[in-house]
Every structure is written in C-alpha cells, then in structure tokens.
Amino acid sequence: MHLLAQDLVNGILAGGILAVVALGFSLVWGIMNIINLAHGAFIMVGAYVTYQLFTTFHLDPFVSLPISFVLLFALGYLIQHYLLNWVARAPILSTFLLTFGLSLLIVNIALIVWTGDTRGVTTAYSGTNFTLGDVTVPWAKLYTLLGALTITGVMQLWLTRSRTGRAIRATSMDIGAAQLSGVRVTQIYAIVFALGAGLAGVAGTLISLSYALNPSMGDPFLIKAFVVCVLGGLGSVQGALVGGLAYGIIEAFATQIDVTIGTQHISGSGLQDAIALVVLLIVLVVRPTGIMGRPTA
Amino acid sequence: MSRSRTNAALERIGLGGITGNPVAFALVLAAMALLLAVPLTHNGYVELVFRNILMYAAMAYGWNLIGGYCGYVSFGQVTFFGLGAYCAGSLAHGGIDNLFAYVAVAMLVSAIFAIVIGLPVLRLRGHYFAIATLGIALAVTDIVANLDALGGTGGLALHQVDEAHFYIYYYAMWLVALGAMLATYFIARSKLGYAFVAIRENEDAAAVLGISATRYKIVAWAIGAMMAGAAGAVFAPANGFIDPSITFSVDSNVFPIAMTILGGIGTVAGPFIGALLLAGANELLQRTFVKAHTLFFGAMIVLIVLLLPRGLVWLFGLRGGARTWLKSLSAFRA
C-alpha cells in the first residue's frame, strides 16, 4: 500500500515540473498554432543559464529563475520577430521545419559552449528529504512543485486579469474580431512566443534542481510537452497543470509494471514512454480536446 | 474537366500540374539513370553515400504521399522503415536469406500495420495527427527495444554477401527508390492523386464531392508505408546490423520530411532532389566539420525554410526571375 502512496507522490512531484514544461509550449501552440520544436532547446538553455549562475556567482536556482526567464524571453522575442514572422503565412510545415532547424542550431551551440559533459546543480538542499509516514519526499522536488504551482497560478491570473492577457486570449479565440477591437496581433504573437520561451527557461531552471544537465536534455521534455498538452487540452493554463499532473502520475505507476510472459520479461521502467504514448493515442482518439478542453467548432 | 482545372490551378502557383514540373521530373529520371553507374567506381564509400541518398529518397516518397499530396504531416514514417528492417532481420534469423523475400514481407507487414493503425489515427487532423504519428513512432521503438525475440537494445546481426557483391544492395536500393518514384508518378496522375489533392486543399469540400476521405487517406498512408518498409528491408542486410537506435533514429524520421520540403512537397521530382541535396550536403558537412556539422545543418534548414518555402521544384516554374522570387517571399510575411 505504501508503494502506491509513494508512486502517487512521485507522480505529483514530477507532474509539477511537466506542467511548467508544457505551459509555454501549450500557449504557443494554442494561440499561434505553431508547434515549437525548439521548446526543448529553450528548456536546455534555461537549465544551463541556471548552472552557469550557480557555479560562477553561487546564485540559488530560485534566485536565478527570473534571470533565465528574462534571457529566454528576449531570445524568444528576437526569434519570433526576425525569423518566424518571415513565414507567418507560409504552409504550416514551414514553421515546423524552421523551429526544428533552430533547435539543432541552439543545441549544437550549447555543445560547443558547455561541451557534452553531464553537469548538475548541487544546492545545500539537494539530496535531502523528509518522510511522511511511509512516503519519502525530496526537498528539492517539493520546492520545485511549489515553484511550478506558483508560476501556473501567476500565469492564470495574468492571462485573465491583465489587459495584455485578455488581448492574448481574444486573439486565440478569433483573430479577426480581436483585430477589429484594436488588438495588434503581430505584437501579441511576439509576446506569446517570447513568453513561451521564457516559461521554457523557467522550466529549465526548475529541472536543473533534480535532473542532470547535458545539451540534448530537452528532447525528452519536448515529447512530454506534446503529451501533456494533448492530455490536458490546448492553450490553457489549467489544461497544462491537469495534464502535467495526470502524465506524471501515469508515468510513475507505469514504471511499477513488472511481468514475465514466457521468456519475455516486461518491465515498466523500460516501456515508460510506450505506455504514456499509448495513453496519449487513446486520449487522442476518444477525447481529442483533452481532459480540460472544450470541443471547438 | 475538373482534372484540367486542378492542373491549371497548380500551374498558376508554379507547381506545374499534379506531378509537378515536367522538366524537373525529366531531370530526375536522367539523374536516376546516371546513378546506375555508381558501383562502377568500385569505391565503397561513394557507393554507401549514394545508397543512403536512394534510401532517403524512397522514404521521402513514402512521406510525400501522405504529407505532400494529402497534406497530413506524419512524424511516423520511420516506424515503417524500422518495421521493414526488422522483418528482414527476423527472416534472416529464421534462416531465410533472400532479398526479394525481405522486401515482399516488409511491404506486406508495413501495409497491414499502416491500415490497422491508420483506422483510428487518420480520423485526427492537423497537429493532432502529427503528434499521434510521433507517438506511434516512439512507442514502437520502445516496444522493439524491449522484445527479446528481436534482440532488444542489443540488436540483430544479419548475414551479408561478401564485399565484392555489395553492389547487389546498391541496385536493390536503386530499384526501391525508382519504384517509389514511378509509383508516385502514376498514382498522382490517377484518380487517387486528384482525390489526395482535393483532401489536402479542403477535406470537407472533398467529402461533399463524394470523396471518401478516410479511405483515400488510408490508401496514401499504406502505400507510403510500403515504400519506407521496402527501404528498411534493403537497409538491414546492407548495413549488416540493426538495433532500435539505428533503425528508428530521429534522422531517419526528420530527414525525409526536410528533403521533401526542400525539393517541393506534392511533386514527383521534389523528394529525390531534396534527398540528393540534403543527404549530399550532410555528408560533405560531416567530412569538413567533424564536430560542428549539425550546427551547419540546422542553419541550412533555417535558410531553406526562409528562402525556399515552396521547395526547389517550384523554382523550375518560376517566371520573372529574382524579382518574382523576392515578391513571393514577402507574401508569407506577417
């Protein structure tokens, strides 16, 4: 029984990070209809910014969090303004391929700057944990979860209460109507893409606390961002949160599968991705709008 | 009547009809004829480079049917390539050593798998379809890596002909690529091709006209799967060894897509031109910049998208030179 509780806690802790990982990706996809394949690379850059600030200036990751947000926000703004705007009205494949090329570029620049060595951010609270009954909770992951919940909360408030936030939501609902009401759509797009990149930077910072760093670390998170978006529903903050937690829990339980059929041994930890992706396929076919999504016309 | 109108519309945007620009297609056929001479160089490296180009071309043709003609962007093409390779691997371990048998079984298995998986997945549209296919590719990779019968992550070794006869694999791959190209040409000109384009341009309108979209999409998807499967079945013995990371690699998944776009989606010449240029450029970059070649490759993809959003074949139909080209670029700006 205690294993079940431990899995649930592990799933929730991992799900909090996944929610932030998916948040920026989901906004860019839902509002701009761009699948940003460079999202994983942005996450990696965020993690390395945190690593660099930690090793050079001994800044705690939670202190460097705003810095990596601002840096990635600026990077995202430049990319949207100078590259994506060029192909804004080209067939959808163009943005796919463009962001894929960008991701190759960014990852390989990181490979030159930081080499392919695995690195880590080891704070005073890394590796420490507390127990609650039978359940062990690492402090770093708990802080990360709290950070993730705060960020999704702030994002939700900003999107619903602020003027820019409302303009963003209006643009995602109906571009034409938004333009008629005086929303400058190109500006909104630049802000949304920059925000997506900034949130990826934040996700990178949070990830650096409990995962090892290397230039290709973003890829698995990119794939998870896909699944979380579809699970939760596109373009909404609640969707990313619910999807992230759901995916985290599914993954945590899937790792516990351990059966042998004939001579074939099946272990859940090896099939983690396969199980989650089968879940994804089922959701796509049965409820394509996601858990929190509303059906669209 | 409606066929000639479709062709006229495609001509207007510079694509030159349902099969693409005829000059480009003639050039590609001539290039294929020239490629017959590659094994005469008796240079194993050159042969390998061009065999890879032909392999990517076959996969790109497979992707072009569903992604280019039907407009359904698939990230799952590598699944069928891998299935084909593993069909050959399993047959080889069962004591069968016949290239034709490998290809035939691989095509059959790929088509059946494509139909079974296509029935639910092809109901999805746009990004959701793309992600579902990516999910299939990753899930199948994971499953194969965990099946002891297929060698797991350790992979399978295949018996190869002795080195003096390696040209057999080259010509087999050449035939697969040519088959994929000609199949695309004749399919595009048939009723199927027009149905595919109708689905790409407006699926709902196509349905109203009496085109059973799901059925046509599954046909395109299954034929494309057979092309990739056949390429995989030749690749496995030619490479002598397969494992999940080689056969289901990200490169094999993304290269054919990038190649088709570079050449020109929804054309017969495009995938081959793209494969020739991109695989060739990648090889040169790898030799020149041992460490940083992926960086240049990424930059190249970015430039292609920015400067040639409609692909190279489109340049063949371009009237008015550089000025029209620049004007067409600004048409995509926000």
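Please refer to the structure higher up on the page.
Residues numbered from 1 in each chain as written. Chains lettered and ligands numbered in written order. Predicted model: local features only at pLDDT ≥ 70, side-chain atom pairs only at ≥ 80, totals over all residues.

Visitor: Teacher, can you tell me more about the overall build of chain A here?
Guide: Scanning chain A for helices and strands turns up eleven helices and four strands. Taking 2.2 N^0.38 as the reference for a compact globule, 297 residues should give roughly 19 Å; the C-alpha atoms of chain A span a radius of gyration of 19 Å, in line with that estimate. Its C-alpha atoms give chain A principal-axis dimensions of roughly 60 × 50 × 40 Å. Burial analysis of chain A (297 residues in total) assigns 52% to the buried set. (Helix = DSSP H or I, 4+ residues; strand = E, 2+ residues; numbered from the N terminus. Rg over C-alpha atoms; globule rule 2.2 N^0.38 Å. Buried ≥ 20, exposed ≤ 12 C-beta atoms within 10 Å, placed from the backbone.)

Visitor: Is there a simple way to explain the overall build of chain B in this structure?
Guide: What chain B contains, in helices and strands, is 16 helices and two strands. For 334 residues, the compact-globule formula gives about 20 Å, and the C-alpha radius of gyration of chain B, at 20 Å, lands near that figure. Looking at chain B as a whole, 52% of its 334 residues are labelled buried. Put simply, of all contacts in chain B between residues at least 6 apart along the chain, 77% involve residues at least 24 apart. (Contact = placed C-beta atoms within 7 Å.)

Visitor: When you look at the interface of chain A and chain B in this model, what are you seeing that I'm missing?
Guide: One frequent convention defines the size of an interface as the accessible area lost when the parts assemble. With 40 residues of chain A at the interface, the matching set in chain B holds 33 residues. Counting only elements with at least two residues in the side of chain A that touches chain B, the list comes to α4 (92-114), α9 (218-232), β4 (264-267) and α11 (272-286) of chain A. The leading source of residues in the side of chain A that touches chain B is α4 of chain A, at 13 residues.

Visitor: How do you make sense of the packing of helix α4 (residues 77-93) of chain B against helix α6 (residues 126-145) of chain B when you look at a structure like this?
Guide: A pair of packed helices is captured by two measures, namely the crossing angle of their axes and the spacing between those axes. Residue and element names in this part refer to chain B. As a packed pair, α4 and α6 sit with axes 9 Å apart at the nearest point and diverge in direction by 25°. Comparing their axes, α6 and α4 come out roughly parallel. Contacts between α4 and α6 involve Val78, Thr79, Gly82 and Tyr86 from the former and Ile136, Ala137, Val140 and Val144 from the latter. (Axes fitted to C-alpha atoms, helices over the stretch in contact; angles between N-to-C directions. Parallel < 35°, antiparallel > 145°, perpendicular 65-115°, else oblique.)

Visitor: Explain the nonpolar core here, please?
Guide: The nonpolar side chains of a soluble globular protein tend to be buried with one another. Core analysis: the biggest nonpolar cluster contains 221 residues, and Val20 and Val192 of chain A together with Ala58, Ala230, Ala231 and Val234 of chain B have the highest contact counts within it. In contact with valine 20 of chain A, not counting residues within four places along its chain, are Ala148, Ile151, Thr152, Leu199, Val202, Ala203 and Leu206 of chain A. (Core = buried A, V, L, I, M, F, W, Y, C linked by C-beta atoms within 7 Å.)

Visitor: What exactly am I supposed to notice about helix α5 (residues 99-121) of chain B here?
Guide: Because each turn of an α-helix spans 3.6 residues, side chains separated by three or four positions end up pointing in the same direction. Residues and elements named next belong to chain B. Taking 1.5 Å of rise per residue, the 23 residues of α5 would be expected to cover 33 Å, and the 31 Å separating its terminal C-alpha atoms lies within 8% of that figure. Buried within α5 are the following residues: Tyr102, Val103, Ala106, Met107, Val109, Ser110, Ala114, Ile117, Gly118 and Val121. Those residues of α5 hidden inside the fold are in contact with α4, α6 and α10 (213-239). (Expected span 1.5 Å × (residues − 1).)

Visitor: I'm lost on the packing of α4 of chain B against α10 of chain B in this one. Help?
Guide: All names here are of chain B. Their axes nearest at 6 Å, the elements α4 and α10 cross at an angle of 45°. The angle between α4 and α10 falls in the class oblique. Regarding α4 and α10, the two cross each other, and that crossing is right-handed. Together, Gln77, Phe80, Phe81, Gly82, Leu83, Gly84, Ala85, Cys87, Ala88, Gly89 and Ala92 of α4 and Ala225, Ala228, Gly229, Ala230, Ala231, Gly232, Ala233, Phe235, Ala236 and Pro237 of α10 make up the contact between the two elements. A breakdown of the residues in the contact of α4 with α10 according to their chemical character gives 15 nonpolar, six polar and no charged. (Left-handed = near helix turned anticlockwise from the far one by under 90°. Nonpolar A, V, L, I, M, F, W, Y, C, P; charged D, E, K, R; others polar.)

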